[in-house]
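# Per-entry structural report
Chain residues, written in single-letter form:
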Amino acid sequence: MTSNSVFSSSGSSFSDQLGSPAVEPVGEEREEGLLFAVSLKRTRYTSAYSQLQEGDGYLLWNTTKVRVVKAGTLQGLVWYLVPYQREPDASYRSCFLNTFRLFSSPREVLEMLADRHKAMAANRSEDTEQQAKRTVQIGVESFVRTWVERFPGDLESSPSCPFPRSLQAFLDECGAHSNHRTAGPTESTPALEASSRDGPFDLYTLTPEEFAEGITAEEARLFRELVPHQCLSYVRHMKTAHSPTVRRCIALSNRLSLLVIQSVLDREGGVEGRARALGHWIAVAQQCRKLKNFSSAMSIVCGMRSTAVFSLQQSWNSLPQNKQTTFMELAQLFSADSNHQISRDILSREGTGKHVALSPVSHRGKAAHDVQVVQGVVPFLGTFLSDLTMLHAAHKDKLEDGLINFDKCRKQFEVLVQLMLYQSAAENYSFPQSHRLLSWLYHTPVLSQQEGSVHGTSVCTAYLSPQL
(Lines give C-alpha, C1' and ligand atoms only; values in the text may rest on other atoms or scores of the structure.)
Protein backbone atom coordinates (compact mmCIF):
# COMPACT_ATOMS: atom_id res chain seq x y z
CA MET A 1 0.00 0.00 0.00
CA THR A 2 1.54 3.29 -1.11
CA SER A 3 0.40 6.89 -1.09
CA ASN A 4 1.16 10.27 -2.58
CA SER A 5 -0.17 13.80 -2.16
CA VAL A 6 -2.09 15.88 -4.64
CA PHE A 7 -2.09 19.67 -4.25
CA SER A 8 -4.48 21.54 -6.52
CA SER A 9 -6.35 24.80 -6.86
CA SER A 10 -10.08 24.44 -6.27
CA GLY A 11 -10.67 26.42 -9.42
CA SER A 12 -8.66 24.05 -11.63
CA SER A 13 -9.81 20.98 -13.50
CA PHE A 14 -9.08 18.91 -10.41
CA SER A 15 -12.25 20.28 -8.87
CA ASP A 16 -14.15 18.15 -11.36
CA GLN A 17 -12.91 15.12 -9.46
CA LEU A 18 -14.66 16.09 -6.26
CA GLY A 19 -17.77 14.21 -7.30
CA SER A 20 -15.83 11.15 -8.47
CA PRO A 21 -15.78 7.91 -6.44
CA ALA A 22 -13.51 7.87 -3.39
CA VAL A 23 -12.12 4.52 -4.59
CA GLU A 24 -11.22 4.12 -8.26
CA PRO A 25 -10.26 0.70 -9.71
CA VAL A 26 -7.04 0.87 -11.73
CA GLY A 27 -6.13 -2.74 -12.56
CA GLU A 28 -4.83 -6.05 -11.25
CA GLU A 29 -1.57 -7.44 -9.90
CA ARG A 30 -0.31 -11.01 -9.48
CA GLU A 31 1.90 -12.21 -6.67
CA GLU A 32 2.73 -15.65 -5.21
CA GLY A 33 -0.36 -17.50 -6.35
CA LEU A 34 -2.67 -14.53 -5.75
CA LEU A 35 -4.51 -12.12 -8.00
CA PHE A 36 -5.12 -8.69 -6.46
CA ALA A 37 -7.64 -6.07 -7.54
CA VAL A 38 -5.89 -2.70 -7.33
CA SER A 39 -7.60 0.63 -6.72
CA LEU A 40 -6.73 4.15 -5.66
CA LYS A 41 -8.42 5.66 -2.62
CA ARG A 42 -8.55 9.44 -2.16
CA THR A 43 -8.84 11.07 1.26
CA ARG A 44 -8.56 14.69 2.41
CA TYR A 45 -5.56 15.89 4.39
CA THR A 46 -6.40 17.19 7.84
CA SER A 47 -3.09 18.88 8.61
CA ALA A 48 -2.93 22.54 9.67
CA TYR A 49 -1.15 23.30 6.40
CA SER A 50 -3.99 21.86 4.33
CA GLN A 51 -6.55 23.84 6.33
CA LEU A 52 -4.58 27.02 5.71
CA GLN A 53 -4.35 26.39 1.98
CA GLU A 54 -8.02 25.44 1.78
CA GLY A 55 -8.88 28.90 3.06
CA ASP A 56 -6.90 30.31 0.11
CA GLY A 57 -8.88 28.18 -2.37
CA TYR A 58 -6.66 25.09 -2.42
CA LEU A 59 -7.33 21.43 -1.54
CA LEU A 60 -4.80 18.81 -0.47
CA TRP A 61 -5.53 15.14 -1.12
CA ASN A 62 -3.86 11.88 -0.17
CA THR A 63 -4.01 9.05 -2.72
CA THR A 64 -3.50 5.53 -1.37
CA LYS A 65 -3.01 2.36 -3.35
CA VAL A 66 -5.30 -0.39 -2.09
CA ARG A 67 -4.93 -4.09 -2.96
CA VAL A 68 -7.68 -6.62 -2.29
CA VAL A 69 -7.40 -10.36 -2.94
CA LYS A 70 -9.57 -11.20 -5.93
CA ALA A 71 -8.56 -14.81 -6.57
CA GLY A 72 -5.80 -17.27 -5.87
CA THR A 73 -4.58 -20.82 -5.54
CA LEU A 74 -5.52 -22.62 -2.35
CA GLN A 75 -1.95 -22.39 -1.07
CA GLY A 76 -1.76 -18.71 -1.95
CA LEU A 77 -5.01 -17.97 -0.11
CA VAL A 78 -3.93 -19.93 2.97
CA TRP A 79 -0.44 -18.45 3.15
CA TYR A 80 -1.81 -14.92 2.81
CA LEU A 81 -3.52 -15.44 6.17
CA VAL A 82 -0.05 -14.91 7.67
CA PRO A 83 1.97 -13.16 4.94
CA TYR A 84 5.75 -12.97 5.00
CA GLN A 85 7.16 -9.56 5.96
CA ARG A 86 3.74 -7.94 5.75
CA GLU A 87 0.97 -7.10 8.19
CA PRO A 88 -1.92 -9.61 8.09
CA ASP A 89 -5.23 -8.36 6.73
CA ALA A 90 -7.88 -8.74 9.46
CA SER A 91 -10.84 -8.36 7.08
CA TYR A 92 -9.36 -10.99 4.76
CA ARG A 93 -8.95 -13.39 7.66
CA SER A 94 -12.57 -13.00 8.74
CA CYS A 95 -13.81 -13.52 5.20
CA PHE A 96 -11.62 -16.59 4.74
CA LEU A 97 -12.69 -18.24 8.01
CA ASN A 98 -16.37 -17.84 7.10
CA THR A 99 -16.13 -18.99 3.47
CA PHE A 100 -13.20 -21.38 2.94
CA ARG A 101 -15.38 -24.49 3.40
CA LEU A 102 -16.78 -23.78 -0.07
CA PHE A 103 -13.46 -24.67 -1.71
CA SER A 104 -11.53 -26.63 0.91
CA SER A 105 -11.84 -28.42 4.26
CA PRO A 106 -10.64 -27.51 7.76
CA ARG A 107 -8.21 -30.41 7.74
CA GLU A 108 -6.67 -29.41 4.40
CA VAL A 109 -6.23 -25.79 5.51
CA LEU A 110 -4.72 -26.91 8.82
CA GLU A 111 -2.22 -29.11 6.97
CA MET A 112 -1.15 -26.16 4.81
CA LEU A 113 -0.72 -23.95 7.87
CA ALA A 114 1.37 -26.67 9.52
CA ASP A 115 3.56 -26.83 6.40
CA ARG A 116 3.88 -23.04 6.46
CA HIS A 117 4.86 -23.15 10.13
CA LYS A 118 7.44 -25.88 9.48
CA ALA A 119 8.92 -24.10 6.43
CA MET A 120 9.55 -20.98 8.48
CA ALA A 121 11.67 -23.03 10.89
CA ALA A 122 14.03 -24.28 8.19
CA ASN A 123 17.08 -22.71 6.58
CA ARG A 124 17.43 -19.81 8.97
CA SER A 125 20.41 -17.71 8.02
CA GLU A 126 20.68 -13.97 8.57
CA ASP A 127 19.32 -12.46 11.75
CA THR A 128 16.76 -10.25 9.97
CA GLU A 129 15.45 -13.16 7.92
CA GLN A 130 15.35 -15.39 10.99
CA GLN A 131 13.33 -12.79 12.86
CA ALA A 132 10.90 -12.42 9.96
CA LYS A 133 10.37 -16.18 9.76
CA ARG A 134 9.84 -16.42 13.50
CA THR A 135 7.25 -13.65 13.19
CA VAL A 136 5.38 -15.76 10.63
CA GLN A 137 5.53 -18.77 12.93
CA ILE A 138 4.09 -16.78 15.81
CA GLY A 139 1.43 -15.41 13.45
CA VAL A 140 0.44 -18.92 12.35
CA GLU A 141 0.14 -20.09 15.95
CA SER A 142 -1.94 -17.05 16.88
CA PHE A 143 -4.20 -17.52 13.86
CA VAL A 144 -4.84 -21.20 14.67
CA ARG A 145 -5.79 -20.28 18.25
CA THR A 146 -8.19 -17.64 16.92
CA TRP A 147 -9.64 -20.17 14.50
CA VAL A 148 -10.29 -22.72 17.27
CA GLU A 149 -11.84 -20.06 19.47
CA ARG A 150 -14.23 -18.75 16.82
CA PHE A 151 -15.04 -22.06 15.08
CA PRO A 152 -14.39 -24.79 17.67
CA GLY A 153 -16.12 -27.52 15.71
CA ASP A 154 -13.75 -27.21 12.72
CA LEU A 155 -10.67 -28.68 14.36
CA GLU A 156 -12.14 -31.43 16.49
CA SER A 157 -10.75 -34.90 16.02
CA SER A 158 -13.32 -37.70 16.08
CA PRO A 159 -13.01 -41.49 16.47
CA SER A 160 -14.31 -41.97 12.93
CA CYS A 161 -11.85 -39.46 11.44
CA PRO A 162 -8.95 -38.87 13.84
CA PHE A 163 -6.28 -36.28 13.14
CA PRO A 164 -2.83 -37.61 12.25
CA ARG A 165 -0.40 -37.46 15.13
CA SER A 166 1.58 -34.73 13.36
CA LEU A 167 -1.45 -32.43 13.09
CA GLN A 168 -2.40 -33.02 16.71
CA ALA A 169 1.16 -32.16 17.71
CA PHE A 170 0.94 -28.98 15.65
CA LEU A 171 -2.29 -27.96 17.42
CA ASP A 172 -0.64 -28.61 20.76
CA GLU A 173 2.34 -26.49 19.74
CA CYS A 174 -0.02 -23.65 18.81
CA GLY A 175 -1.78 -23.98 22.16
CA ALA A 176 -5.08 -24.55 20.38
CA HIS A 177 -7.41 -26.66 22.50
CA SER A 178 -11.12 -26.86 21.74
CA ASN A 179 -13.63 -27.29 24.54
CA HIS A 180 -16.47 -27.38 22.02
CA ARG A 181 -19.24 -29.93 22.48
CA THR A 182 -21.67 -30.60 19.68
CA ALA A 183 -25.25 -29.84 20.73
CA GLY A 184 -27.50 -32.85 20.97
CA PRO A 185 -31.19 -33.04 20.14
CA THR A 186 -32.22 -32.06 23.67
CA GLU A 187 -30.25 -28.82 23.38
CA SER A 188 -31.78 -27.78 20.08
CA THR A 189 -35.35 -28.24 21.35
CA PRO A 190 -35.36 -27.62 25.13
CA ALA A 191 -38.11 -28.54 27.52
CA LEU A 192 -40.15 -30.58 25.06
CA GLU A 193 -40.92 -32.97 27.87
CA ALA A 194 -43.64 -30.55 28.92
CA SER A 195 -45.97 -32.81 30.82
CA SER A 196 -49.38 -33.79 29.66
CA ARG A 197 -50.73 -33.60 33.23
CA ASP A 198 -51.90 -30.06 32.47
CA GLY A 199 -54.16 -31.39 29.74
CA PRO A 200 -54.27 -30.51 26.03
CA PHE A 201 -52.86 -27.14 25.17
CA ASP A 202 -55.33 -24.63 23.77
CA LEU A 203 -53.39 -21.91 21.98
CA TYR A 204 -56.40 -19.59 22.14
CA THR A 205 -56.06 -19.37 25.92
CA LEU A 206 -52.95 -17.26 25.33
CA THR A 207 -53.34 -13.61 24.51
CA PRO A 208 -51.72 -12.48 21.24
CA GLU A 209 -49.05 -10.71 23.32
CA GLU A 210 -48.25 -13.87 25.30
CA PHE A 211 -48.09 -16.02 22.18
CA ALA A 212 -45.91 -13.50 20.31
CA GLU A 213 -43.47 -13.26 23.22
CA GLY A 214 -43.29 -17.05 23.55
CA ILE A 215 -42.66 -17.71 19.87
CA THR A 216 -40.20 -14.81 19.70
CA ALA A 217 -38.18 -16.31 22.54
CA GLU A 218 -37.83 -19.58 20.60
CA GLU A 219 -37.16 -17.92 17.24
CA ALA A 220 -34.49 -15.72 18.82
CA ARG A 221 -32.83 -18.72 20.46
CA LEU A 222 -32.57 -20.63 17.20
CA PHE A 223 -31.42 -17.54 15.33
CA ARG A 224 -28.69 -16.83 17.89
CA GLU A 225 -27.51 -20.43 17.55
CA LEU A 226 -27.39 -20.11 13.75
CA VAL A 227 -23.86 -20.66 12.39
CA PRO A 228 -23.69 -18.12 9.53
CA HIS A 229 -21.26 -20.03 7.32
CA GLN A 230 -23.70 -22.97 7.28
CA CYS A 231 -25.97 -20.81 5.12
CA LEU A 232 -23.38 -21.13 2.35
CA SER A 233 -23.45 -24.92 2.66
CA TYR A 234 -27.24 -24.90 2.59
CA VAL A 235 -27.53 -23.04 -0.69
CA ARG A 236 -25.07 -25.45 -2.32
CA HIS A 237 -27.13 -28.59 -1.61
CA MET A 238 -24.62 -30.03 0.81
CA LYS A 239 -25.60 -32.77 3.26
CA THR A 240 -27.92 -31.92 6.12
CA ALA A 241 -25.10 -32.41 8.63
CA HIS A 242 -23.30 -29.41 7.15
CA SER A 243 -26.13 -26.97 7.89
CA PRO A 244 -28.12 -28.20 10.92
CA THR A 245 -28.60 -24.76 12.49
CA VAL A 246 -30.00 -23.39 9.22
CA ARG A 247 -32.39 -26.28 8.80
CA ARG A 248 -33.68 -25.90 12.36
CA CYS A 249 -34.61 -22.27 11.67
CA ILE A 250 -36.32 -23.22 8.41
CA ALA A 251 -38.12 -26.16 10.03
CA LEU A 252 -39.57 -23.88 12.72
CA SER A 253 -40.78 -21.37 10.11
CA ASN A 254 -42.42 -24.10 8.03
CA ARG A 255 -43.96 -25.74 11.07
CA LEU A 256 -45.44 -22.51 12.40
CA SER A 257 -46.94 -21.75 9.01
CA LEU A 258 -48.51 -25.21 8.77
CA LEU A 259 -49.83 -24.95 12.33
CA VAL A 260 -51.52 -21.67 11.45
CA ILE A 261 -53.25 -23.32 8.51
CA GLN A 262 -54.22 -26.38 10.50
CA SER A 263 -55.53 -24.41 13.49
CA VAL A 264 -57.79 -22.33 11.26
CA LEU A 265 -59.13 -25.28 9.26
CA ASP A 266 -59.71 -27.39 12.39
CA ARG A 267 -61.34 -24.60 14.39
CA GLU A 268 -64.79 -25.51 15.64
CA GLY A 269 -67.75 -23.19 15.24
CA GLY A 270 -68.05 -23.04 11.46
CA VAL A 271 -67.64 -19.69 9.74
CA GLU A 272 -67.63 -17.67 12.95
CA GLY A 273 -65.17 -20.00 14.67
CA ARG A 274 -62.72 -19.77 11.79
CA ALA A 275 -63.15 -16.00 11.69
CA ARG A 276 -62.15 -15.83 15.36
CA ALA A 277 -59.11 -17.99 14.58
CA LEU A 278 -58.16 -15.65 11.73
CA GLY A 279 -58.53 -12.65 14.02
CA HIS A 280 -56.34 -14.29 16.64
CA TRP A 281 -53.52 -14.99 14.19
CA ILE A 282 -53.70 -11.49 12.72
CA ALA A 283 -53.26 -10.10 16.24
CA VAL A 284 -50.32 -12.46 16.90
CA ALA A 285 -48.63 -11.46 13.62
CA GLN A 286 -49.14 -7.80 14.47
CA GLN A 287 -47.52 -8.32 17.89
CA CYS A 288 -44.60 -10.19 16.30
CA ARG A 289 -44.13 -7.24 13.98
CA LYS A 290 -44.07 -4.86 16.97
CA LEU A 291 -41.44 -7.08 18.61
CA LYS A 292 -39.43 -7.04 15.35
CA ASN A 293 -39.83 -10.79 15.04
CA PHE A 294 -40.04 -10.66 11.26
CA SER A 295 -39.53 -14.41 10.95
CA SER A 296 -42.66 -15.48 12.85
CA ALA A 297 -44.72 -12.65 11.37
CA MET A 298 -43.72 -13.84 7.89
CA SER A 299 -44.60 -17.46 8.72
CA ILE A 300 -48.03 -16.52 10.07
CA VAL A 301 -48.86 -14.27 7.13
CA CYS A 302 -47.65 -16.93 4.71
CA GLY A 303 -49.91 -19.53 6.31
CA MET A 304 -52.90 -17.21 6.16
CA ARG A 305 -52.22 -16.47 2.50
CA SER A 306 -52.13 -20.16 1.58
CA THR A 307 -54.83 -21.37 -0.76
CA ALA A 308 -56.51 -23.44 1.95
CA VAL A 309 -57.00 -20.46 4.29
CA PHE A 310 -57.30 -17.56 1.89
CA SER A 311 -60.18 -19.29 0.09
CA LEU A 312 -62.37 -19.16 3.23
CA GLN A 313 -64.16 -16.07 1.94
CA GLN A 314 -67.13 -16.25 4.30
CA SER A 315 -64.83 -16.36 7.32
CA TRP A 316 -62.71 -13.50 6.00
CA ASN A 317 -65.80 -11.42 5.31
CA SER A 318 -66.95 -12.02 8.89
CA LEU A 319 -63.85 -10.29 10.26
CA PRO A 320 -64.16 -6.71 11.51
CA GLN A 321 -62.96 -4.18 8.98
CA ASN A 322 -60.03 -3.10 11.12
CA LYS A 323 -58.77 -6.71 11.27
CA GLN A 324 -58.99 -7.04 7.50
CA THR A 325 -57.11 -3.77 7.09
CA THR A 326 -54.39 -4.91 9.50
CA PHE A 327 -53.95 -8.15 7.59
CA MET A 328 -53.69 -6.39 4.24
CA GLU A 329 -51.00 -4.10 5.70
CA LEU A 330 -49.08 -7.10 7.00
CA ALA A 331 -49.46 -8.92 3.68
CA GLN A 332 -48.07 -5.88 1.86
CA LEU A 333 -45.20 -5.58 4.33
CA PHE A 334 -44.15 -9.20 3.79
CA SER A 335 -44.86 -9.30 0.08
CA ALA A 336 -42.32 -11.06 -2.13
CA ASP A 337 -42.60 -8.29 -4.72
CA SER A 338 -39.29 -6.78 -5.84
CA ASN A 339 -37.38 -9.39 -3.85
CA HIS A 340 -39.06 -8.44 -0.53
CA GLN A 341 -38.03 -4.82 -0.94
CA ILE A 342 -40.53 -3.40 1.58
CA SER A 343 -39.54 -5.76 4.40
CA ARG A 344 -35.87 -5.28 3.52
CA ASP A 345 -36.20 -1.52 3.88
CA ILE A 346 -37.92 -1.81 7.24
CA LEU A 347 -35.40 -4.35 8.51
CA SER A 348 -32.52 -2.12 7.43
CA ARG A 349 -34.11 0.87 9.14
CA GLU A 350 -35.15 -0.81 12.39
CA GLY A 351 -33.27 -4.02 12.81
CA THR A 352 -29.48 -3.71 12.60
CA GLY A 353 -27.40 -4.19 15.68
CA LYS A 354 -26.13 -0.62 15.31
CA HIS A 355 -29.60 0.93 15.28
CA VAL A 356 -31.62 -1.15 17.70
CA ALA A 357 -34.50 0.86 19.10
CA LEU A 358 -34.05 2.06 22.66
CA SER A 359 -37.73 2.58 23.34
CA PRO A 360 -39.08 1.04 26.55
CA VAL A 361 -41.16 -2.13 26.23
CA SER A 362 -44.08 -2.72 28.56
CA HIS A 363 -44.14 -6.20 30.10
CA ARG A 364 -47.35 -7.79 31.28
CA GLY A 365 -47.94 -7.05 34.94
CA LYS A 366 -45.41 -4.20 35.03
CA ALA A 367 -45.75 -0.57 34.22
CA ALA A 368 -43.87 0.65 31.16
CA HIS A 369 -41.83 3.06 33.23
CA ASP A 370 -40.64 0.23 35.53
CA VAL A 371 -38.90 -1.80 32.81
CA GLN A 372 -36.48 -0.45 30.23
CA VAL A 373 -35.60 -3.11 27.61
CA VAL A 374 -33.52 -2.79 24.46
CA GLN A 375 -35.61 -4.43 21.75
CA GLY A 376 -34.16 -7.26 19.70
CA VAL A 377 -34.80 -8.46 16.16
CA VAL A 378 -35.28 -11.77 14.34
CA PRO A 379 -35.14 -11.33 10.55
CA PHE A 380 -36.66 -13.69 8.02
CA LEU A 381 -33.78 -16.03 7.13
CA GLY A 382 -35.18 -16.80 3.69
CA THR A 383 -34.28 -13.29 2.49
CA PHE A 384 -30.59 -13.90 3.17
CA LEU A 385 -30.67 -17.40 1.72
CA SER A 386 -32.17 -15.93 -1.46
CA ASP A 387 -29.36 -13.37 -1.66
CA LEU A 388 -26.72 -16.06 -1.21
CA THR A 389 -28.41 -18.24 -3.81
CA MET A 390 -28.38 -15.43 -6.37
CA LEU A 391 -24.71 -14.68 -5.66
CA HIS A 392 -23.86 -18.35 -6.04
CA ALA A 393 -25.65 -18.52 -9.39
CA ALA A 394 -24.21 -15.24 -10.71
CA HIS A 395 -20.52 -15.86 -9.95
CA LYS A 396 -18.31 -18.79 -10.87
CA ASP A 397 -16.35 -20.66 -8.21
CA LYS A 398 -13.16 -20.42 -10.26
CA LEU A 399 -11.79 -18.03 -12.85
CA GLU A 400 -10.81 -19.18 -16.34
CA ASP A 401 -7.20 -19.72 -15.25
CA GLY A 402 -8.33 -22.06 -12.45
CA LEU A 403 -7.82 -19.64 -9.57
CA ILE A 404 -10.38 -19.76 -6.74
CA ASN A 405 -12.75 -16.81 -7.11
CA PHE A 406 -12.29 -15.15 -3.72
CA ASP A 407 -14.18 -12.07 -4.87
CA LYS A 408 -17.30 -14.27 -4.85
CA CYS A 409 -16.50 -15.32 -1.29
CA ARG A 410 -16.19 -11.67 -0.27
CA LYS A 411 -19.63 -10.82 -1.71
CA GLN A 412 -21.17 -13.75 0.16
CA PHE A 413 -19.36 -12.75 3.33
CA GLU A 414 -21.01 -9.32 3.16
CA VAL A 415 -24.38 -11.07 3.47
CA LEU A 416 -23.13 -13.11 6.43
CA VAL A 417 -21.91 -9.95 8.16
CA GLN A 418 -25.45 -8.58 8.06
CA LEU A 419 -26.71 -11.81 9.63
CA MET A 420 -24.13 -11.47 12.39
CA LEU A 421 -25.29 -7.92 13.13
CA TYR A 422 -28.86 -9.13 13.52
CA GLN A 423 -27.70 -12.01 15.72
CA SER A 424 -26.12 -9.46 18.05
CA ALA A 425 -29.40 -7.55 18.13
CA ALA A 426 -31.31 -10.77 18.92
CA GLU A 427 -29.36 -10.99 22.19
CA ASN A 428 -31.50 -8.10 23.47
CA TYR A 429 -34.63 -10.24 23.88
CA SER A 430 -35.38 -11.34 27.43
CA PHE A 431 -38.75 -13.11 27.12
CA PRO A 432 -39.13 -16.34 29.13
CA GLN A 433 -39.81 -19.53 27.20
CA SER A 434 -43.19 -21.20 27.61
CA HIS A 435 -42.71 -24.97 27.89
CA ARG A 436 -46.34 -25.70 27.02
CA LEU A 437 -46.15 -23.47 23.97
CA LEU A 438 -42.95 -25.19 22.84
CA SER A 439 -44.56 -28.59 23.33
CA TRP A 440 -47.51 -27.51 21.17
CA LEU A 441 -45.19 -26.03 18.60
CA TYR A 442 -42.97 -29.08 18.18
CA HIS A 443 -45.28 -31.99 19.10
CA THR A 444 -48.57 -31.14 17.41
CA PRO A 445 -48.96 -33.38 14.32
CA VAL A 446 -49.09 -31.35 11.12
CA LEU A 447 -49.75 -32.09 7.48
CA SER A 448 -46.83 -33.50 5.55
CA GLN A 449 -45.46 -31.68 2.51
CA GLN A 450 -47.40 -34.03 0.23
CA GLU A 451 -50.64 -33.71 2.21
CA GLY A 452 -50.18 -29.95 2.36
CA SER A 453 -49.89 -29.82 -1.39
CA VAL A 454 -53.25 -31.57 -1.73
CA HIS A 455 -54.85 -29.07 0.67
CA GLY A 456 -53.36 -26.06 -1.03
CA THR A 457 -50.56 -25.24 1.42
CA SER A 458 -47.60 -25.98 -0.84
CA VAL A 459 -47.24 -22.30 -1.79
CA CYS A 460 -46.44 -21.47 1.80
CA THR A 461 -43.98 -24.27 2.55
CA ALA A 462 -42.17 -23.95 -0.75
CA TYR A 463 -41.79 -20.23 -0.17
CA LEU A 464 -40.34 -20.61 3.32
CA SER A 465 -38.02 -23.48 2.43
CA PRO A 466 -37.11 -23.10 -1.23
CA GLN A 467 -35.83 -26.12 -3.07
CA LEU A 468 -32.47 -24.58 -3.87
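Treat the numbers as computed from the prediction; the structure is a model and nothing was measured. (Residues numbered from 1 in each chain as written. Predicted model: local features only at pLDDT ≥ 70, side-chain atom pairs only at ≥ 80, totals over all residues. Heavy atoms only, no water.)

### As for the overall build of the protein chain
Which entries qualify depends on this criterion: Secondary structure follows DSSP: runs of H or I at least 4 residues long count as helices, runs of E at least 2 residues long count as strands, and numbering of each begins at the N terminus. Type-normalised accessible area, obtained with a 1.4 Å probe on protein chains alone, sets the label of each residue: buried when under 20%, exposed when over 50%, and partly exposed for intermediate values. Working rule for contacts: check all heavy atoms of both residues, and any pair within 4.5 Å makes them a contact. Computed by Shrake-Rupley with a 1.4 Å probe, the accessible areas treat only the displayed protein chains as cover when residues are assessed.
Within the protein chain one finds 21 helices and five strands. Scored against the burial criterion, the 468 residues of the protein chain give a buried share of 46%. Relative to all contacts within the protein chain whose residues are 6 or more apart in sequence, the contacts with residues 24 or more apart total 73%. Within the structure as shown, the protein chain displays about 23,800 Å² of accessible surface, and the carbon and sulfur contribution to it stands at 51%.

### Observations regarding unusual backbone geometry
Positive phi, close to 50°, is recorded for Glu32, a residue that is not glycine. Looking at the secondary structure, you find Glu32 in the loop between strand 2 (23-31) and strand 3 (34-44). Its identity as a non-glycine residue notwithstanding, Lys292 has a phi of 60°, on the positive side. Tracing the sequence through the fold places Lys292 in the loop between helix 11 (270-290) and helix 12 (294-304).

### Things to note about the pattern of salt bridges
The test is simple: We define a salt bridge as a side-chain nitrogen of Lys or Arg found within 4 Å of a carboxyl oxygen belonging to Asp or Glu.
Tallying each qualifying case throughout the model produces 16 salt bridges. The salt bridge involving Arg236 is made with Asp397; its shortest N-O contact spans 2.8 Å. Remark: Asp397 occurs in the loop between helix 17 (381-394) and strand 5 (404-405) and Arg236 occurs in the loop between helix 9 (230-235) and helix 10 (244-265); sequence separation between them is 161 residues. Taking relative accessible area as the criterion, Arg236 reaches 17% and is therefore assigned buried. One salt-bridge network, held together by shared partners, links Glu29, Glu31, Lys65, Arg67 and Arg86.

### Observations regarding the side chain of Arg101
Our working rule: N or O atoms closer than or at 3.5 Å make up a polar contact, with two conditions inside protein: a donor-capable atom paired with an acceptor-capable one, and, for residues adjacent in sequence, both atoms drawn from side chains.
Relative to the elements of secondary structure, Arg101 occurs in the loop between helix 3 (90-99) and helix 4 (106-119). A polar side-chain atom of Arg101 sits 2.6 Å from the main-chain carbonyl oxygen of Leu97. One polar contact links Arg101 to Asp154, side chain to side chain, over a distance of 2.5 Å.

### What about the confidence of the model for the protein chain?
Definition in use: The pLDDT value tells you how sure the predictor is about a given residue, anywhere from 0 up to 100.
For the protein chain, per-residue confidence averages 80 on the pLDDT scale, and 75% of positions sit at 70 or higher. Taken element by element, the protein chain is modelled with least confidence in helix 21 (residues 458-464), mean pLDDT 38, and with most confidence in strand 5, mean pLDDT 98. For residues 353-363, every residue scores under 50 in pLDDT, and the model assigns this stretch 27 contacts once sequence neighbours within four places are set aside.

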